[in-house]
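Now for the letters of each chain:
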Amino acid sequence: MRICPVIVLRCFLCLMLVAFYIKAQPQDELSSYRLQHFTDENGLPQNSVKAIMEDRNGFFWLATEVGVVRFDGQKFITFDKSNVAISSNRIRGFVPALPSPQADPDYEFYGLTEDNQYIGIRNNGLVKSDTAFYEKYTQTDPFTGRQIRHNSMLGSSPAQYPNRPMEEHYFVAADSATFYIWRQNTISCYKNQKLISTSHGLFRDFFLVGSQPFAIDALGRIIRIRIGKSNEIVSPDGDIVRNASFNKGEDNLKLYWNNVAKSAFLYLNETFYALELSPGGRLTTKLLLQGFDFEDQDIVAAHYSKTTGALLLGSTTKGLFLIKNKNFVTLKITGKDADNAYYAQKPAGNNAVITSQGYRIGRNEAGAPFFEGLVSPFMKEFGYKFSLAMNPDSSFWFGIGDDLFKLDKTARNVLYQLKLQQKFMSLRIDKQHRVWLGGENNTLHELVKSGNGYQPKLVLKADFGGVSIIGQESADVLLLGTTKGFFRYNVRTKLFQKLTNFKDMSIRSFYTTAEGTWITTYGNGFFLLKKDRLISFPLDKDRFLAFAHCISEDANGYFWITTNRGLFQVAKRHLLDYVQNSHNMVYYLYYDRSQGFATNEFNGGCYPCSVKLADGTLSLPSMDGLVWFSPNKIKPELPDRGVFVSSVTMDGKDIPVKDTLLVPYNSEQLRLQVTTPYPGHVNNIQMHYSLSGGGREEKWLRVNTDFMISIPKMSYGKYNLTIRKKNGFKTNDYTYKTIVLDIRPAWYETWWFRLLIALALLGLYFMAVKWRAGYLVKKERKDNLVRHYRVISQIVAAVNHDIQTPLHYIGYSLRYINDYLQKLENGNPLINRMSEETLNTTVHIGTLTKNLLDYIKIQNKNGSSRTQMSQVEARAMIDGIYSLFSGIAVSRGVVLKNNVEPGFHVWSDPSLLSIIVHNLLDNALKISASEITISSGIEDGKKQIIIEDSGTGMRDDLIKWLNKSYRSYEEWLKISLYPEQRGIGLVIVKDLSVLLAINITATINTKNHTIVRLVFE
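Residues numbered from 1 in each chain as written. Predicted model: local features only at pLDDT ≥ 70, side-chain atom pairs only at ≥ 80, totals over all residues. Heavy atoms only, no water.

Q: Residue-level account of the overall build of the protein chain, with values.
A: Secondary structure assignment for the protein chain yields 12 helices and 69 strands. Against the 2.2 N^0.38 benchmark of 31 Å for 1017 residues, the protein chain shows a C-alpha radius of gyration of 59 Å, more extended than a compact globule. Overall, the C-alpha framework of the protein chain stretches about 185 × 100 × 40 Å when taken along its three principal axes. Across the 1017 residues that make up the protein chain, the buried fraction comes to 50%. Pairs at least 24 residues apart make up 55% of the contacts formed inside the protein chain by residues separated by at least 6 positions. Element-wise, carbon and sulfur atoms account for 52% of the exposed surface of the protein chain, whose accessible area totals about 49,600 Å². Computed over 118 positive and 97 negative side-chain charges, the inter-centroid distance for the protein chain is 5 Å. (Helix = DSSP H or I, 4+ residues; strand = E, 2+ residues; numbered from the N terminus. Rg over C-alpha atoms; globule rule 2.2 N^0.38 Å. Buried < 20%, exposed > 50% of the residue type's maximum accessible area, 1.4 Å probe, protein only. Contact = heavy atoms within 4.5 Å. Areas by Shrake-Rupley, 256 points an atom, 1.4 Å probe, with all protein chains shown as cover. Lys, Arg positive; Asp, Glu negative; His and termini not counted. Charge placed at Lys NZ, Arg CZ, Asp CG, Glu CD.)

Q: I'd love a proper account of the sheet that holds strand β33 (residues 396–398), names of residues and values included.
A: Ordered in space as β32-β33-β34-β35-β36-β37-β38, the 7 strands form an open sheet in which the pairing is antiparallel. Two strands in the sheet have a free side with no partner beyond their single neighbour: β32 (388–390) and β38 (453–461). Taken over all neighbouring pairs, the strand axes of this sheet differ in orientation by 35° on average, direction set aside. (Pairing = 2+ DSSP bridges. Axes fitted to C-alpha atoms, helices over the stretch in contact; angles between N-to-C directions.)

Q: Give a description of the state of the cysteines that names residues and reports values.
A: Applying the stated criterion to the full structure yields 1 disulfide. Shown here is the disulfide that connects Cys550 with Cys609, its sulfur atoms set 2.0 Å apart. Across the S-S bond linking Cys550 and Cys609, the dihedral sits near 55°, which makes this disulfide right-handed. Note that Cys550 is positioned in strand β47 (residues 548–553) and Cys609 in the loop between β50 (589–591) and β51 (611–612), a separation of 59 residues in sequence. The burial state of Cys550 is the same as that of Cys609; both residues are buried. Here Cys606 stays free of any disulfide, with the sulfur of Cys609 as its closest cysteine sulfur at 6.1 Å. (Disulfide = S-S within 2.5 Å.)

Q: Which residues make up the environment of Thr838, and what values do they have?
A: Within the fold, Thr838 resides in helix α7 (residues 829–859). With relative accessibility at 37%, the residue Thr838 sits in the partly exposed group. In this structure, the C-alpha to C-alpha distance between Thr838 and Asn818, residues 20 residues apart in sequence, is 9.3 Å.

Q: Explain the packing of aromatic side chains to me, and be specific about the residues and the numbers.
A: One pass over the structure, following the stated rule, counts 71 aromatic pairs. With a centroid separation of 6.4 Å and an interplanar angle of 70°, the aromatic rings of Phe378 and Phe398 are classed as edge-to-face. You can see Phe378 sitting in helix α4 (residues 377–382) and its partner Phe398 sitting in strand β33, a full 20 residues away along the chain. For Phe378, a relative accessible area of 5% translates into the label buried. What makes Phe398 buried here is its relative accessible area of 0%. For the cation-ring pair, Arg70 lies above Phe59, with the distance from its terminal atom to the ring centre recorded as 4.2 Å. Here the basic side chain of Lys726 rests over the ring of Tyr734, its NZ or CZ set 5.4 Å away from the ring centre. (Phe/Tyr/Trp six-rings, centres within 6.5 Å; stacked < 30°, edge-to-face > 60°. Lys NZ or Arg CZ within 6 Å of the ring centre and 35° of its normal.)

Q: Account for the pairing of strand β61 (residues 717–726), with residues named and values stated.
A: Most of β61 is tucked away: 7 of the 10 residues are buried. By the bridge criterion, 10 bridges tie β61 to strand β62 (residues 734–743) in an arrangement that is antiparallel. Looking across to β62, one finds that Arg724 is bridged to Tyr736.

Q: Would you mind going over the confidence of the model for the protein chain in detail, with residue names and values included?
A: Taken residue by residue, the protein chain gives an average pLDDT of 87. The fraction at 70 or more is 90%. Looking over the protein chain, one finds the lowest element-wise mean pLDDT in helix α1 (residues 5–16), namely 39, and the highest in strand β48 (residues 558–563), namely 98. (pLDDT = per-residue confidence, 0-100.)

Q: Lay out the pattern of salt bridges in plain terms, naming residues and giving numbers.
A: Following the criterion strictly, the structure yields 35 salt bridges and no others. Note that Arg242 and Asp239 form a salt bridge whose closest N and O atoms lie 2.4 Å from each other. Residue Arg242 is classed as exposed on the basis of its relative accessible area, which comes to 67%. A salt bridge links Asp577 to Arg573; the nearest nitrogen and oxygen atoms lie 3.3 Å apart. Residue Asp577 and its partner Arg573 are located together in helix α5 (residues 572–580), separated by 4 residues, close to a single helical turn. Here the residues in one salt-bridge network are Lys50, Glu65, Arg90 and Glu114, joined through shared partners. (Salt bridge = Lys/Arg side-chain N within 4 Å of Asp/Glu carboxyl O.)

Q: Before we move on, could you go through α5 and cite the residues and values that matter?
A: α5 sits mainly inside the fold: 7 of its 9 residues count as buried. Where α5 is concerned, the buried positions are Lys572, His574, Leu575, Leu576, Asp577, Tyr578 and Val579.

Q: Can you tell me about unusual backbone geometry, naming the residues and giving the values?
A: Cis geometry marks the peptide bond from Ser157 to Pro158, where omega comes out at 0°. Counting through the fold element by element, Pro158 comes out in the loop between α2 (133–140) and β11 (170–173). At the junction of Tyr607 and Pro608, the peptide bond is cis and its omega measures out at -5° in the coordinates. Looking at the element boundaries, Pro608 is found in the loop between β50 and β51. Residues other than glycine seldom take positive phi values, yet Lys494 does so here, at roughly 65°.

Written out as structure tokens, the structure reads:
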């Protein structure tokens, strides 16, 4: 191989500037801890925290000067005399619940006020004043004496007020049957209310570790109290032994004891240890915190949560400190002008990496201090950061554009330099150790061995723009992220395919597993390419995952995804379950800079985008340092505790928290404050709620960042408000909380009101039916009248045309025939008489027809036009009628007499009155035996026309019907709609009499003659 002088010169410079290693500058000891400081400026109600305790639900409780305070890890809620039945807000500390059958199981422990009132911490996350506790306590502690509401339970250490065992006794319960009395120079043990042992000594402190009793004597030594044996001086071992200030027997240890948790701690020279019992019974220590000055911060209370790893410290003046170990460490180059924006890197040994700036950063062994050192001034001078393609022998290719270099595994020596004929954008070595070069302009090359050197070989030329990133889907299939889209290329079959689902997406990385290829994008989230199926995964609620840089998988099956706004952990199995069923919610655990990053902005778009070291450590590039962590050592901090309702407000007023809430009908809004104990990042709490019942379908809505659920006004009924919280990485792993909302009906929604409405509607229904029936009958009548009118009109026309005209003609002809017969000298008298009668009959029929037509016509007129009233000369009218019936009367042998006085007038309608008399006379002729007399008269000032016949008399029912009077013609019409068969003549007589207001009466005299009177008003 021909060696370029430039390479020789650069190698010489590398050797002259041999890598120097500088230990990382010592960092502040507190930098390895996450420290949150809460005061009255950021949520804590008051800065004096005298005691701290954790309940079984995971809530932290604080004793302060303004009440008992609950801390869920996100916010504080204060319980004071405004919402608890106590007389003072000043809380002395906490005391444990009574370890006896008398204890109320609803309470876990108690807050003790300055005047010895007890605030019970309940197992539902709320509090309540317990007035019965003190009486039960006096039954347990045999030395309470007669002091009113005096508490003798031993408080936490350091004590708020100095312990005075020489003046009073102190009660300490170890378990449900065992308690201790510390009094004067003795510590007595009682079991089942019986004294079983007494220990003597000058004790300045007494405490329990679990249920084991210990004391500190006047010389500061730790004394193990042994039941039935002599006390034992013990010296703790463990982490405290490595403290340079620790000397056995020296009185420089400060005891912190939590009297409710029965946990003890030792403080020594800004270092804090948990005091524990080893399995062998020895007293050992575990380092919890160092570099923190308790005296300067006035720390008086401590609690260590073994479930979360959180250490809580309370200060009398400076509030609350929440401290956790950081899971991540950031490695940076020291120096004023150091470039700590990292991209590509490669492993360098078991515990170090070489960055694209030419630095080697790491440590010599696990747990050792970190170092940094410049190993390649050439790489630093070249200034390229984005690709380090490592060969199987740990040598690597570096550079891009039109310059490509091969360096040895130490990065100190340039092994080969290649001046390319065109510029390239990307570089990758696949699993078959082939080197691929992505061109800036529509080309893909493979770097192949050529003699003692290398040459780029054109593999693919197509219209796909510049190749920004190369991935490998399988042994023969490459994935190309380009400036014009996303492409798949089979190097064996030469099949080139564009995947249209990635239109206008900027691809940042590929990660191929047995399940498919995982793809991250800049702005569109991340995906799984499974054969030809592309699955898009849901984003976090803040959409930080939209800008996903890199996916790194650990040995436990978790993906670690870097973004511009932090780091996410997600179970690979969880993502695959989502692929099978998109209803499976994906849980992402979020980490931000409080965990040890110098910045939340990670880097991507480089190759490789992350590095896994031999010991499992992951090294992630960021804009400010390399972020290192060991996934196997991280215990995910998951929000796997219960869901609780902290408060309920109805129209702005607080109401008691219950599992069933009775809501008045006129309530406008219900607001529930919900929470879950979780001292981690708030983004990791994924909580949703659903309101079902009352015909509502289940629909899950996200609980807002304030964890406040607002329920607007709803119709009455019972509803289930279900709150669910994702517990972690398992599929369908939720914690549920259900609140029943019983919304009471308004008075107009009650059953009795609805019954009244139903009855009213039923009544209206019947009224409507009746009205409708009447309407239909009326309509039917109207329709019948219309039909009747049409029929009558047709009858009138037919009578006029087909009957009257022929009758007139017949009458005219008969008159001429009769006149002719009368003139014959030898005429036959019988024929003459029959001709005369025929003529009279014809005239009579004509008259009857005319009267019938006149009657029909008036039925079709309205009330005002039915009659034409005038003075009627009765005698002349009757003479005219007699002349029509004379022939019939002669033939029947009936004598017609008109005894109406001449000049007798009545007020009536001449035509209609003529029809009445005509029909009465016609009816009389049918039944009269010898004589019909019509006369006139006046009785009681009323004129009368009287018709008397010599018949056998009218029937009684007919007389009754004829004599009935009516108030109006309309009343007669309604009643006579369906009259009994009376004969058309009498019906016409009665109808016209009512119409003309003529009072018609019929009577039978002593001769059995029928007398009909027409009385005119």
